Amino acid sequence: MQYALLGDLHSHYHNTKAVLKHIKETAPNAQIIGLGDLFECKIGKKKLKSLTTYLPLKEAAVFQKKFTKLITFPSIIGNQEERIAHVTGKKEFLSYEEKILIERATLLHGHQFGWNEKFEPSFPVYDTPLLFFGHSHRAAIYIKNVRTTVEYNQPIHVGDGHTYEINVGAVVESRDWCLYDSDQMTVTFFQAPLDEASLTY
Ligand SMILES: [Mn+2]
């Protein structure tokens, strides 16, 4: 089975549309799953502390109807959804799973890990050969905890019994997504082509 994994959309309509189009062209039968931070919260950590009441959704987040119509696939929760729920009191943003398990792979958003000052993750314990995640907006594959350079459009074989941690990158900045084929046991990084409209939200 094929899975198309995308994360860190941050409410970016044009890039999300470009990535979904690219997925449809490249792997039309893949099951699409989001890796969190679908939406962009406009309230930073500092402002969060000074809030005394809930904010309306429009003030708290980049929330456009045309964007929500693109989100027809399941997703795990990201820190943006958690913050939007906290700021608005809207519990529906907490309705996403913290973790999804698919064939031989765990899906998590990286806010559940520790990160060092260089923004490198320390991975939690997980029970599958593969871990897919997002959060730092940097596509990467870690083999035995060593970060390895990503080559796009090149299937990487991940069925050799080692564990692999795969950061699928970000939709919002670079239109990244990742194809996981559980029959072939391959992972392929992709970037949807840039269209002019992608330069705006
Ligand atoms: Mn995040």
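Reading guide: rules and limits
Residues numbered from 1 in each chain as written. Predicted model: local features only at pLDDT ≥ 70, side-chain atom pairs only at ≥ 80, totals over all residues. Heavy atoms only, no water. Salt bridge = Lys/Arg side-chain N within 4 Å of Asp/Glu carboxyl O. Helix = DSSP H or I, 4+ residues; strand = E, 2+ residues; numbered from the N terminus. Buried < 20%, exposed > 50% of the residue type's maximum accessible area, 1.4 Å probe, protein only. Donors = N, O, S within 2.8 Å, 3.2 Å for Na, K, Ca; no water. Core = buried A, V, L, I, M, F, W, Y, C linked by side-chain atoms within 4.5 Å. Contact = heavy atoms within 4.5 Å. Pairing = 2+ DSSP bridges. Axes fitted to C-alpha atoms, helices over the stretch in contact; angles between N-to-C directions.

A word on the pattern of salt bridges
Thought 1: Considering all chains together, one arrives at 3 salt bridges under this definition.
Thought 2: For the salt bridge of Glu25 with Lys21, the shortest nitrogen-to-oxygen distance reads 3.7 Å. You can see Glu25 and its partner Lys21 sitting in helix 1 (residues 13-26), 4 residues apart, about one turn around the helix. Both residues of the pair, Glu25 and Lys21, belong to the exposed class.
Thought 3: Residue Arg138 pairs with Glu120 through a salt bridge whose shortest N-O separation is 3.2 Å.

Structural notes on the coordination of the manganese ion
Thought 1: Around the manganese ion, the protein contributes the donor atoms Asp37 (OD), Asn79 (OD1), His109 (NE2) and His135 (ND1), at 2.1 to 2.3 Å from the metal centre.
Thought 2: Classification of His135 as buried rests on a relative accessible area of 16%.

Re the nonpolar core
Thought 1: Within the largest apolar cluster, 31 residues are counted, with the highest numbers of intra-cluster contacts made by Leu6, Leu9, Val19, Phe73, Ile84 and Trp177.
Thought 2: Contact partners of Leu6, with chain neighbours within four places excluded, come to Val19, Leu20, Ile32, Ile33, Gly34, Leu35, Phe73, Val168, Val171, Asp176 and Trp177.

Observations concerning the sheet that holds strand 15 (residues 186-191)
Thought 1: Sheet architecture is open: 5 strands sit in the order 2-1-14-15-12, paired in mixed fashion. Because the sheet does not close on itself, it has two edges, and the strands there are strand 2 (31-34) and strand 12 (156-157).
Thought 2: Against the sheet, helix 1 contacts strand 1 (2-6), strand 2, strand 14 (176-181) and strand 15, and its axis sits at roughly 30° relative to strand 14.

Section: the sheet that holds strand 6 (residues 105-109)
Thought 1: Strands sit in the order 5-6-9-13-10-11 across an open sheet of 6 strands; the sheet is mixed. Each edge of the sheet is formed by a strand with only one pairing partner; in this case those strands are strand 5 (99-102) and strand 11 (146-148). Across the sheet, the mean angle separating the axes of adjacent strands is 25° when strand polarity is ignored.
Thought 2: When strand 10 (residues 140-143) meets strand 11, the two strands line up antiparallel, connected through 3 bridges. Opposite Ile143, over in strand 11, you have Val146 as the bridge partner.

Read these as spatial facts, not as claims about activity.
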